[in-house]
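Inside the fold
So the chains spell out like this:
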Amino acid sequence: MDSKEALQFINRRLWENSQPVLTEAEEAIVIGIWQDYLYKQIAAQNSFVYQYTRELGANLCKRLQSHFNLKINKLNFKKQIEYLYGVEVQAQPIESEGSAPTEILQQTSINLDSENPTINPFTPQQGRIDNPQDFFNREREIRQIFEVINSGSSVALIGAEGVGKSSLLSQICQLADTHLHSLRQPVFIDLNLVEDEDDFYGALCDEIGIPESKGARLNRHLKSRQVLLALDNVGKMTWDGFNRGVRDYLRGLAEGSQAPLKLVLAANESLDELFNDSWDNGKTSPLAGVCQEEIIKPWDESTARDFIEARLAMTSVRFTEAEINRLVEESGGHPRRLMQLCYRMY
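If you're wondering where the values come from, they're calculated on a predicted model, not measured in any experiment.

Parameters at a glance
- Chains are numbered independently. Their residues run from 1 in the order of the written sequence.
- Local features are withheld for residues below a pLDDT of 70 in this predicted model, meaning they are given only at 70 or higher, and side-chain atom pairs are given and counted only at 80 or more; totals for whole chains, interfaces and linings count all residues.
- Hydrogens and waters are ignored; side-chain quantities use all the structure's heavy atoms.
- For the purposes of this entry, the term helix denotes a DSSP run of H or I that reaches at least four residues, the term strand denotes a run of E that reaches at least two, and both are numbered from the N terminus.
- Burial status follows relative accessibility: with a 1.4 Å probe on protein chains alone, a residue under 20% of its type maximum counts as buried, one over 50% as exposed, and anything between as partly exposed.
- Residues are treated as being in contact if the distance between any of their heavy atoms lies within 4.5 Å.
- Methods summary: accessible areas were calculated by the Shrake-Rupley approach with a probe of 1.4 Å, and residue burial reflects only the protein chains presented.
- A pairing counts as a salt bridge when a side-chain nitrogen of Lys or Arg comes within 4 Å of a carboxyl oxygen of Asp or Glu.
- Between any two strands, at least two bridges found by DSSP are needed for them to pair.
- Place the viewer so that the strands point away; then a crossover is right-handed whenever the path from the first strand over the helix to the second strand goes clockwise.
- We define a nonpolar core as any set of buried Ala, Val, Leu, Ile, Met, Phe, Trp, Tyr and Cys residues linked to one another through side-chain atoms lying within 4.5 Å.
- Whenever a helix is involved, its axis is fitted only over the stretch in contact; in every case the axis is a line through C-alpha atoms, and angles between N-to-C directions fall within 0 to 180 degrees.
- What the arc measures is the spread of directions leading from the helix axis to the C-beta atoms.
- An angle below 35 degrees is treated as roughly parallel, one above 145 as roughly antiparallel, one from 65 to 115 as roughly perpendicular, and anything else as oblique.
- Here a crossing is called left-handed whenever its near helix is offset anticlockwise from the far helix by less than a right angle, and right-handed whenever the offset is clockwise.
- Residues are grouped as follows: nonpolar covers Ala, Val, Leu, Ile, Met, Phe, Trp, Tyr, Cys and Pro; charged covers Asp, Glu, Lys and Arg; every other residue, Gly included, is treated as polar.

1. Some points on the overall build of the chain
The secondary structure content of the chain amounts to 15 helices and five strands. Taking all 346 residues of the chain together, the buried fraction comes to 47%. Contacts in the chain between residues at least 24 apart in sequence constitute 69% of all its contacts with a sequence separation of at least 6. If you sum the accessible surface of the chain, you get close to 17100 Å²; carbon and sulfur atoms cover 45% of it.

Now the structure itself:
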């Protein structure tokens, strides 16, 4: 079984169960894994950011693990897919009645098409949106965030789970080159993929491209650097393995208009409330001291409607006015919830 056969098999199984087929980026991950490449090699081969590649690979394994009801990770990926393929071959012909059309099986990348309403345009249902073409709205927030950063401060994006903070954080990194007055290297780290402080410093140095270090050595390496550090899921810093020291350190590196770091953080609640250990000595959270908070709210009714219409414009399907009203009302404008409801409606 080669990588092309593996992609066809996975896409067909997903399609048969009304699940989104693999994106082009996910297909690149599968091909890289099939060639026994490390995530760093896959990232370099496809011009991906290493952190993004590692996260995408982990999420893909979780998705297929849930769908196939079989433990799947990067190390056993080939073995498990080949096992599933073998079981299916023994059970029935691959192109049995009800299987996907030949053109779907032969494609390794499926584009939305007005003549093919089968492919659901309301994806991804979970996770961060990294593709700028799929990112929707938030122009006002983007403008305000860059105004704050260009004024010399850092920013904290505060909002409910799934409201779009991670996607906005990714978009900020992708727009940094054109929206920052002073050039800074954008670095994105999802703290959910970091074990503890040591792992965080290792990931930070790896993403910046400097020798792994911390403390005074890291200070020296950063002296000649200007970095826009985007940290997702900052609440992870309240877990075991992290203490206030790392937050104090980040604040020190981010203070001043020419500081080596400018921060864009994403959290589910105010930093003062999140890091309430700061209250013991009567002080506010060190990160709150350098970050101006930007509240990320759900979409209003008009934006939610525009989103639905924009996604449906890729297909020949249209929702009725009653269906759209119900989707907007039930979702409350919450982007992830709206995406999921639209997916089911479609």
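2. Observations concerning the pattern of salt bridges
One pass over the structure, following the stated rule, counts 16 salt bridges. Arg-138 is the salt-bridge partner of Glu-141, the closest N and O atoms lying 3.1 Å from each other. Like Glu-141, the residue Arg-138 is buried in the burial classification. Ionic pairing is found between Arg-326 and Glu-330, a salt bridge with its closest N-O pair at 3.7 Å. With Arg-326 and Glu-330 both in helix α14 (residues 321–331) and four residues apart, this pair spans about one turn of that helix. Classification of Glu-330 as partly exposed rests on a relative accessible area of 46%. Residues joined in a network through salt bridges with shared partners are Arg-138, Arg-140, Glu-141 and Glu-294.

3. Topic: the pairing of strand β3 (residues 227–232)
Taken across its six residues, β3 has six buried, putting it largely inside the fold. A two-sided burial pattern is seen for β3, the buried positions comprising Val-227, Leu-229 and Leu-231 on one face and Leu-228, Ala-230 and Asp-232 on the other. Sheet topology places β3 next to strand β4 (residues 261–267); five bridges connect them, and they run parallel. Within the sheet, the bridge partner assigned to Leu-231 lies in β4 and is Leu-265. After leaving β3, the chain enters helix α11 (residues 244–254) and then returns to the sheet as β4, a path that is right-handed.

4. Digging into the nonpolar core
In this structure, Ile-189, Phe-200, Leu-229, Met-237 and Leu-263 are the most contacted members of the largest nonpolar core, which totals 36 residues. Within the residue set of this core, elements represented by two or more residues are β1 (154–158), β2 (185–190), α9 (197–208), α10 (215–222), β3, α11, β4 and α12 (271–274). By size, the runner-up hydrophobic cluster in this structure holds 23 residues, among which are Phe-9, Ile-10, Trp-34 and Ile-42.

5. Considering the sheet that holds β2
Pairing is parallel in the open sheet, where five strands are placed in the order β2-β3-β4-β1-β5. For this open sheet the edge positions go to β2 and β5 (291–295), each flanked by a neighbour on one side alone. Strand-to-strand, the axes of this sheet are offset by a mean angle of 20°, without reference to chain direction. Across the face of the sheet, α11 comes into contact with β1, β3 and β4 while running at roughly 135° to β4.

6. Let's talk about the environment of Asn-192
With respect to the helices, strands and loops of the structure, Asn-192 is situated in the loop between β2 and α9. Each C-alpha atom, one on Asn-192 and one on Met-237, is 9.5 Å from the other, the two residues being 45 residues apart in sequence. Setting aside anything within four residues of it in sequence, one finds Asn-192 in contact with Asn-233 and Lys-236.

7. Comments concerning the environment of Gly-215
Note that Gly-215 resides in helix α10. A C-alpha to C-alpha distance of 8.2 Å links Gly-215 and Tyr-249, two positions 34 residues apart in sequence.

8. Examining α14
Three or more residues of α14 are buried, namely Ile-324, Leu-327, Val-328 and Ser-331. The arc enclosing the buried residues of α14, seen along the axis, measures out at 95°, which places them on a common side. Along α14, the residues that are exposed and aim more than 90 degrees away from the buried face are Ala-322 and Glu-329. At its buried positions, α14 is contacted by α13 (301–312) and α15 (335–345). Positive phi appears at Gly-332, one or two residues downstream of α14, with a value of about 65°.

9. Concerning the packing of α13 against α14
Two numbers describe how α13 lies on α14: the axes approach to 10 Å, and their chain directions differ by 125°. Taken together, the axis directions place α13 and α14 in an arrangement best described as oblique. In this structure, α13 meets α14 at a crossing whose hand is right-handed. Counting all contacts with α13, which are made through Glu-301, Ala-304, Arg-305 and Ile-308, the residues of α14 involved are Glu-321, Ile-324, Asn-325, Leu-327 and Val-328. The class makeup of the residues in the contact of α13 with α14 is five nonpolar, one polar and three charged.

In short, the description is geometric, and any link to function would need to be established separately.
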